[in-house]
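Here is what each chain is made of, one letter per residue.
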Amino acid sequence: MSPKEQQFTRLVQEQKATIYSVCLMFADERTEVDDLVQDALIHLWEGFDSFEGRSDIKSWVYRVTLNTCISFDRKRKHTDLVSLELADPSMLSGADKGSNAKQYRMLHERIQKLGPFDRAIVLLWLEDMSYEEIGAIVGISVKNVSVRLMRIREQLKNMNNQE
């Protein structure tokens, strides 16, 4: 294995949870998650040589993976996908069965109703990223991140009132 391949393999091992969680927020079925992960890995490999280290490697991985997922989401908008089949929520962050799994599913369903850009911002916020990191990844100002998150919270609250 070449040194480049070794570095990339190490990167994937370190960032696999990040890649998977981003893809999970944009897919309806387990097979779509797997396909998105593969597409993201391809894009990461293609861009690996051009990564200059101006940003944190995790931020770069997020950006490439989000762009892959957003492109996928735009392509599928032309089809009617009604059902939402989630991957097992216990695979993420040690979510417990029962009430935690129910809350996770409900949150996931609401987030799925948001636009792709807002979904990306929420995902990064749920990953405990700072507004500065979120802004750097999605390409907006810190102030814009703050405003968008406030509006997203309102949207999610309104979804709660409509149920």
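Residues numbered from 1 in each chain as written. Predicted model: local features only at pLDDT ≥ 70, side-chain atom pairs only at ≥ 80, totals over all residues. Heavy atoms only, no water.

Take the packing of aromatic side chains next. Counting across every chain of the model gives three aromatic pairs. Ring centres 5.0 Å apart and planes at 75° place the aromatic pair Phe 8 and Trp 45 in the edge-to-face group. Of this pair, Phe 8 sits in helix 1 (residues 3-24) while Trp 45 sits in helix 2 (residues 30-47); the two residues are 37 residues apart in sequence, bridging distant segments of the chain. Taking the relative accessible area as the measure of exposure, Trp 45 reaches 33% and is therefore partly exposed. Taken together, a centroid distance of 5.1 Å and an interplanar angle of 45° make the contact between Phe 51 and Trp 60 tilted. (Phe/Tyr/Trp six-rings, centres within 6.5 Å; stacked < 30°, edge-to-face > 60°. Helix = DSSP H or I, 4+ residues; strand = E, 2+ residues; numbered from the N terminus. Buried < 20%, exposed > 50% of the residue type's maximum accessible area, 1.4 Å probe, protein only.)

With that settled, consider unusual backbone geometry. Where the residue is not glycine, phi is negative for most of them; where a peptide bond is considered, it is trans in most cases. The residue Asp 128 is not glycine, and still its phi comes out positive at about 60°. One can find Asp 128 in the loop between helix 5 (116-126) and helix 6 (131-138).

Let us look at the environment of Ile 42. In this structure, Ile 42 sits in helix 2. Given a relative accessible area of 44%, Ile 42 falls into the partly exposed group. Separated by 23 residues in the primary sequence, Ile 42 and Thr 65 place their C-alpha atoms 10.0 Å from one another.

A few words now on a nonpolar patch on the surface. A contiguous nonpolar patch, built from Leu 107, Trp 125 and Leu 126 and spanning about 260 Å² of accessible area, is present on the exposed surface. Of note, Leu 126 is situated in helix 5. (Patch = residues over 30% accessible without salt bridge, like charges linked within 9 Å, V, L, I, M, F, W, Y side chains within 5 Å. Areas by Shrake-Rupley, 256 points an atom, 1.4 Å probe, with all protein chains shown as cover. Salt bridge = Lys/Arg side-chain N within 4 Å of Asp/Glu carboxyl O.)

With that out of the way, let us pick up the pattern of salt bridges. Under the counting rule described, the total for this entry stands at four salt bridges. Its salt-bridge partner being Lys 4, residue Asp 49 comes within 2.9 Å of it at the nearest N-O pair. With a gap of 45 residues between them, Asp 49 in the loop between helix 2 and helix 3 (57-76) and Lys 4 in helix 1 connect regions that are remote in the sequence. For Asp 49, a relative accessible area of 59% translates into the label exposed. What makes Lys 4 partly exposed here is its relative accessible area of 26%. Here Lys 157 makes a salt bridge to Glu 154, at a shortest N to O gap of 3.8 Å. Taken together, the positions of Lys 157 and Glu 154, both in helix 7 (residues 142-162) and three residues apart, correspond to about one turn of that helix.

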